[in-house]
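Structural overview
Each chain, letter by letter, is given below.
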Amino acid sequence: MRIALFTETYLPVINGVVTHVKTLKEGLERLGHRVLIVTADSNVKKHEIDSGVMYCPAVKIRRIYNYDAASPISPKRVKFLRAFKPDLIHIHNEFGIGMSGMLIAKILKIPLVYTLHTMYDDYIYYVANRYFCKFITAATHKYAKVLANQAGALIGPSKKVGEFFKKCGVKKSVNVIPNTAETDIFNPALIEASARKALRERFGFTDSDFVFCFCGRLGKEKNISWLIESWAKRVKREDGLKLLIIGDGPYYEQHTDEIKSLNACDTITLAGKVEHADLPPYYAACDAYVTASLTENHSISMLEAMCMKLPVLHIKDELNAGQVVDGVSGYGFSNGDEMYALLQKLRDLPKDKLAEFGESTRSSVINSGSANMARDILKIYEFVIINYARQRRARALRKLRLKPRTKRKKT
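Residue indices follow the written sequence of each chain, beginning from 1 at its first position. Since the coordinates come from a predicted model, pLDDT governs what is reported: local features require at least 70, and pairs of side-chain atoms require 80 or more to be given and counted, while whole-chain, interface and lining totals use all residues. The side-chain figures draw on all heavy atoms in the structure; neither hydrogens nor water molecules are used.

**Overview of the packing of aromatic side chains**
- Any pair of Phe, Tyr and Trp rings, taking the six-membered ring for Trp, is counted once the centres come within 6.5 Å. Such a pair is stacked with planes under 30 degrees apart, edge-to-face with planes over 60 apart, and tilted for the rest. What the rule picks out here adds up to 10 aromatic pairs.
- Judged by centre distance (6.1 Å) and plane angle (5 degrees), the rings of tryptophan 226 and phenylalanine 333 are stacked. Here tryptophan 226 is found in helix H7 (residues 224-234), whereas its partner phenylalanine 333 is found in strand S15 (residues 330-333), with 107 residues between them in sequence.
- Between buried and exposed lies partly exposed: a residue is buried under 20% and exposed over 50% of the maximum accessible area for its type, with that area taken using a 1.4 Å probe on protein chains only. With a relative accessible area of 0%, phenylalanine 333 lands in the buried category.
- Three or more aromatic residues joined by ring pairs make a cluster, and in this case those are Tyr114, Phe164 and Phe165.
- Lying over the aromatic face of phenylalanine 84, arginine 2 brings its terminal NZ or CZ to 4.8 Å of the ring centre. The numbering of helices and of strands both runs from the N terminus, where a helix is a DSSP run of H or I of at least 4 residues and a strand a run of E of at least 2. A ring has a charge above it when a Lys NZ or an Arg CZ is no more than 6 Å from the ring centre and no more than 35 degrees off the ring normal.

This is the structure:
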């Protein structure tokens with residue numbers, strides 16, 4: 001099968017969508033399929049293909065994560081795709097490249113699959129002030145509905161995607177396929193003890209400190225302000241609990257000020273930006289993971305931490321139920337007091353019990369079925385292709401039946 005994956009961002013940029021698409025591409029290729037990535041790139045002046053990736057000319061949108069945005073309409077792009085002869089197009093973003101994928105699928109008369117990765121209602125504040133949020137939200141819902149109605153199948157990493165599409169007025173069901181992490185890269189067995197020790201010393205953590213971490217973009221949607229405030233109000237220096245926040249983003253300065261104003265510099269540390277390839281030692285230097293974000297769709301950063309044997313404390317979210325199993329891979333909390341009690345619970349576990357907890361946490365990711373993501377998505381592709389062909393035949397037959405019969409001339 002020949003598959004074109006359309007994504008607004010791709011390597012060397014690193015985020016959850018990029019990691020998902022990269023993992024899917026590699027999985028499909030291991031199964032013997034040919035994959036073309038189509039992405040926006042503000043560094044190129046013309047469309048070019050290199051190592052299975054088509055780079056499309058784009059402009060940089062600094063206000064929105066510095067993303068590159070490409071025009072949805074491009075005859076050159078259509079020409080390249082026509083030459084590639086895809087059996088199917090799978091879009092992973094909703095902007096210029098996503099719209100382009102939908103249009104090219106119609107032009108080439110091939111089926112379309114759409115994966116929604118991001119709950120855009122939680123990101124509206126990046127592009128509009130509060131007076132226009134309602135208008136922009138309504139517009140994004142209509143836009144998502146257009147894409148969803150054109151797709152032969154919808155995919156999402158959690159039930160939250162189905163709820164979002166319902167808000168948009170979409171009646172189609174969503175295939176829930178959990179995200180996956182690169183278990184071969186995020187493997188604590190590959191980290192030298194000296195590297196772990198060096199990082200702990202760098203941030204001033206002692207051997208007796210129990211270190212929690214969070215990794216992600218520092219933005220409003222991650223609810224880090226709540227995490228910092230809840231932590232600072234309850235955790236005391238003598239608790240031996242430390243929080244390492246890994247990442248950069250528009251709220252970095254705000255979080256720095258929050259930590260200072262709450263006199264929490266002794267227990268909370270901002271690590272700043274860390275390249276994706278350098279993350280495993282950071283996780284290895286920590287003992288557990290904590291998150292208060294409600295916008296995640298099966299967070300890849302969290303899964304990577306779990307692969308590194310870090311049990312997870314997370315704010316309860318019914319629509320993400322199942323990604324962390326109480327007592328197997330972590331615990332859920334509903335408020336700051338519950339979080340604090342669980343921080344202490346993990347800290348007080350005997351070393352052998354904590355090690356067992358770490359093993360079951362890693363196993364839960366490996367055995368969750370997400371390791372077979374490419375196979376699961378391939379089944380959806382096969383269904384969509386068969387269904388698309390069936391619908392085309394049905395439309396052709398209807399046209400034949402509706403075509404008026406010409407009367408034969410009498411001789």
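**Topic: the packing of helix H2 (residues 75-84) against helix H3 (residues 96-108)**
- To get an axis, a line is fitted to the C-alpha atoms, and for a helix only the part in contact is used. The angle between two axes follows their N-to-C directions and goes from 0 to 180 degrees. Between H2 and H3, the shortest axis-to-axis distance is 11 Å and the interhelical angle comes to 55 degrees. On the basis of the axis angle, H2 is oblique to H3. The way H2 lies across H3 gives a crossing that is right-handed. Packed against H2, whose contacting residues are Arg77, Val78, Leu81 and Arg82, the element H3 presents Ile97, Ser100, Ile104, Ile107 and Leu108 at the interface.
- Among the residues forming the contact of H2 with H3, the class breakdown is six nonpolar, one polar and two charged. Throughout, the term roughly parallel applies to angles under 35 degrees, roughly antiparallel to angles over 145, roughly perpendicular to angles from 65 to 115, and oblique to all others. Crossings are classed by handedness, with left-handed meaning an anticlockwise turn of the near helix from the far one by less than a right angle and right-handed meaning a clockwise turn. Note on contacts: a residue pair qualifies if any of its non-hydrogen atoms lie within 4.5 Å across the two residues. Any residue that is not Ala, Val, Leu, Ile, Met, Phe, Trp, Tyr, Cys, Pro, Asp, Glu, Lys or Arg is counted as polar, Gly included; the first ten are nonpolar and the last four charged.

**Here's the deal with the side chain of histidine 117**
- One can find histidine 117 in the loop between strand S7 (112-115) and helix H4 (133-150).
- Among the polar contacts made by the side chain of histidine 117, one reaches the side chain of histidine 92 at a distance of 3.0 Å. The term polar contact refers here to a pair of N or O atoms within 3.5 Å; inside protein, the definition further demands a hydrogen-donor-capable atom paired with an acceptor-capable atom, and it admits residues adjacent in sequence only when both atoms are side-chain atoms.

**A few points about the environment of lysine 85**
- Along the chain, the position of lysine 85 falls in the loop between H2 and strand S6 (88-91).
- Its relative accessible area of 61% is what places lysine 85 among the exposed residues.

**Topic: the sheet that holds strand S12 (residues 268-272)**
- Note on pairing: DSSP must find at least two bridges between two strands before they are called paired. A sheet is described by the order of its strands in space; here six strands give the open sequence S12-S11-S10-S13-S14-S15, paired in parallel fashion. One side of each edge strand has no neighbouring strand; the edge strands of this open sheet are S12 and S15. On average, each strand axis in the sheet is tilted by 25 degrees relative to the strand beside it, whichever way the strands run.
- One ladder, built from two bridges, connects strand S10 (residues 210-215) with strand S13 (residues 288-291); its direction is parallel.

**Let's talk about unusual backbone geometry**
- Here the residue pair leucine 11 and proline 12 is connected by a cis peptide bond, since its omega of 15 degrees sits within 30 degrees of zero.
- Within the secondary structure, proline 12 is located in the loop between strand S1 (2-7) and helix H1 (16-30).
- If you check the backbone angles, lysine 109 has positive phi at about 55 degrees while not being a glycine.
- Considering the arrangement of structural elements, one finds lysine 109 in the loop between H3 and S7.

**Here we look at the packing of helix H10 (residues 300-307) against helix H12 (residues 351-366)**
- Two numbers describe how H10 lies on H12: the axes approach to 7 Å, and their chain directions differ by 125 degrees. By the criterion of interaxial angle, the relationship of H10 to H12 is oblique. Together, Leu303, Met306 and Cys307 of H10 and Thr361, Arg362, Ser364 and Val365 of H12 make up the contact between the two elements.
- In terms of residue class, the contact of H10 with H12 is built from four nonpolar, two polar and one charged.

**A word on a positive patch on the surface**
- A surface patch of like charges, here positive, comprises Arg82, Lys109, Arg392, Arg395, Arg398, Lys399 and Arg401.
- Here the positive patch takes five residues from helix H13 (residues 373-402), the largest share from any one element.
- Inspection of the secondary structure puts arginine 392 in helix H13.
- By relative accessible area, which is 39% here, arginine 392 ends up partly exposed. A patch is a set of surface residues, each over 30% in relative accessible area and not in a salt bridge, joined within 9 Å for like charges and within 5 Å for the nonpolar side chains Val, Leu, Ile, Met, Phe, Trp and Tyr. Only the protein chains shown count as covering a residue, and every accessible area follows the Shrake-Rupley method with a 1.4 Å probe. Salt bridges are counted wherever a side-chain nitrogen of Lys or Arg sits within 4 Å of a carboxyl oxygen of Asp or Glu. Just so you know, the count uses Lys and Arg for positive and Asp and Glu for negative, and it drops His and the chain ends. Charge positions come from single atoms, namely NZ of Lys, CZ of Arg, CG of Asp or CD of Glu.

Treat this as a map of the structure, not an account of what it does.
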